[in-house]
Amino acid sequence: MEKEKKKFYIRTFGCQMNFHDSEKISGVLSENGFSEVQDGDRDKADIIIFNTCSIREKAEQKFFSELGRLKRLKRQRPGLKIAVAGCVAQQMGRELLRRAPFVDCIAGPQNIHSLGHSIGRILLEREAQPGGLDNGGPGPDIDVNIGENPGLASMELPAARKKKPGAWVSIMYGCDNFCTYCIVPFTRGREVCRPAGSILDEMRRLAEDGFREVTLLGQNVNSYRSPAGDTGFPGLLEMADRVGGIKRIRFVTSHPRDLSEGLIEAVGGLEKLCEHIHLPLQSGSDAVLARMNRRYILADYMDKIDRLRGRLPGISITTDIIAGFPGETEEDHRATMAALRRIEFDGIFAFKYSARPGTPASKFPGRLPAEVSAGRLEEILALQDEITLRKNMALEGSIEEVMVEGPDEKNKNCLSGRTRTNKIVNFSADPSMVLSAGDTVALKIIRGRRHSLEGELPAP
Ligand code: SF4
């Protein structure tokens, strides 16, 4: 009788990088004879894996409260194993095991390639049966895989991607920018770039597997340079644009300082490169930008925006904003509000400043009362909501190329997709048209809403 496959469940917090890392963890385990269970079956899993985020305190607290709830389940099921991956694992290391001694192994983002091995070992130990995952012999009692590991191992793992048409492809790990509020350089390490050939090979495989859109991932993709030193980011995009079968290419995240003329030309000229860029501004105040160590001033940023819009008038631009950075004055906040009115982003991700352990800003004087930061965040979000709605309504009557992603989550009689400018469009499916994920269709925008558009097939 065939031995029942071990079941694993992954709970992911945080950014696209983390969700893509979870696809890799799932890929490695699935290739080694494990089967993944989804939310409803979490408690049936043999091993529960948390892939954690520590970009803000809230994400970390959410993880610990969920982990705490597993303590009772583990008492009921002593054989259950728990693994913690991601940025909290890297940031806390053995401290995490002291805080949660019922955790069986941990692995930082640069070591997810060793997680498969650790999981195999602890589950085998539980069963005391050889075989299955290569257990690599007796290891320390609790696997703590958190060393700096600037290798490519974690970048070139097989990924179990669940949904078409879009796929994430890592092009680099880590970050060298050391913005004073950011924990990423401490949890994901220094920048390591993947060879261009390996990235293009993965894109070709994805095209063969029916994926039609690729998002190139990195903390700061603009500073990509192939290990051989012969290819920068614009060069990589040109080669990616020639990969057959892929219809659309996106990339995230960019640092304004490294937004080159070559990249602006690429965004404006390459057929498959979508007309959207995510360009974190963080603050509209030069004084705050300096204390954030962002190494640009608002005027530099505005110049990049003007050049992008000059080269590509319809480009969609989104950004990140931090409200309440230590020492931020009312005047600084006003400068951010003025920048939002002047730039008119298509969308923003805005958060209150959150002090992260080990980051320089966590020791800066002038921490603001929580209600002040919350009030400023509210003002920022309210202003941006108005701008986004007005910009989406301005698209009414226009014809947009939409890539179908699948059924509209809120209305099963409708389909949902995305414009090249990364806006969600919901539209009623015309039974005469057999549309599936990855197909593109020209739609007339009939309504602009706060966070999406409504479309219909243009009259013949
Ligand atoms: S660019 Fe700055 S904010 Fe972005 S990941 Fe790097 S250090 Fe963090």
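For the structure, check the block above.
Residues numbered from 1 in each chain as written. Predicted model: local features only at pLDDT ≥ 70, side-chain atom pairs only at ≥ 80, totals over all residues. Heavy atoms only, no water.

On to the overall build of the chain. Along the backbone of the chain there are 13 helices and 19 strands. What you see for the chain is a C-alpha radius of gyration of 23 Å, in line with the 23 Å of a compact globule of 460 residues. With respect to the three principal axes, the spread of C-alpha positions in the chain is 65 × 60 × 45 Å. Expressed as a percentage of the 460 residues in the chain, the buried residues total 53%. If you sum the accessible surface of the chain, you get close to 20100 Å²; carbon and sulfur atoms cover 52% of it. The positive charge centre, built from 66 side chains, and the negative charge centre, built from 63, are 4 Å apart in the chain. (Helix = DSSP H or I, 4+ residues; strand = E, 2+ residues; numbered from the N terminus. Rg over C-alpha atoms; globule rule 2.2 N^0.38 Å. Buried < 20%, exposed > 50% of the residue type's maximum accessible area, 1.4 Å probe, protein only. Areas by Shrake-Rupley, 256 points an atom, 1.4 Å probe, with all protein chains shown as cover. Lys, Arg positive; Asp, Glu negative; His and termini not counted. Charge placed at Lys NZ, Arg CZ, Asp CG, Glu CD.)

Okay, the side chain of N18 next. With respect to the element layout, N18 can be found in helix α1 (residues 16-31). Apart from the residues lying within four places of it in its own chain, the contact partners of N18 are T12, F13, N51, T52, C53 and R188. (Contact = heavy atoms within 4.5 Å.)

Glancing now at helix α7 (residues 196-208). In this model α7 runs 19 Å from its N-terminal to its C-terminal C-alpha over 13 residues, within 8% of the 18 Å that 1.5 Å per residue would give. What α7 keeps buried is the set A196, S198, I199, L200, E202, M203, L206 and A207. Each element contacted by the buried residues of α7 is listed here: β7 (166-170), β10 (213-217), α8 (233-241) and β11 (248-252). Residue G210 follows α7 closely and has a positive phi angle near 95 degrees. (Expected span 1.5 Å × (residues − 1).)

This part is about the pairing of strand β13 (residues 316-323). The buried fraction of β13 is high, at 7 of 8 residues. Across 6 bridges, the pairing between β13 and strand β14 (residues 347-352) is parallel. Following the sheet pairing, A323 is matched in β14 by K352. (Pairing = 2+ DSSP bridges.)

The environment of the ligand is formed by C175, N177, F178, C179, Y181, C182, V184, P185, Q219, H255 and R294. Residues belonging to the shell around the ligand are distributed by class as follows: 7 nonpolar, 3 polar and 1 charged. (Near = heavy atom within 4 Å. Nonpolar A, V, L, I, M, F, W, Y, C, P; charged D, E, K, R; others polar.)

Let us look at the packing of aromatic side chains. Going through the model one piece at a time under the given rule, you end up with 12 aromatic pairs. With centroids separated by 6.5 Å and ring planes inclined at 25 degrees, the aromatic side chains of F13 and F50 adopt a geometry described as stacked. Of this pair, F13 sits in the loop between β1 (6-12) and α1 while F50 sits in strand β3 (residues 47-52), and the two are 37 residues apart along the sequence. Ring plane angle 80 degrees and centroid distance 5.4 Å describe the contact between F325 and Y353, whose orientation is recorded as edge-to-face. With F325 in the loop between β13 and α12 (330-343) and Y353 in the loop between β14 and α13 (370-393), this residue pair connects regions lying 28 residues apart in the sequence. Judged by its relative accessible area of 0%, F325 falls in the buried class. (Phe/Tyr/Trp six-rings, centres within 6.5 Å; stacked < 30°, edge-to-face > 60°.)

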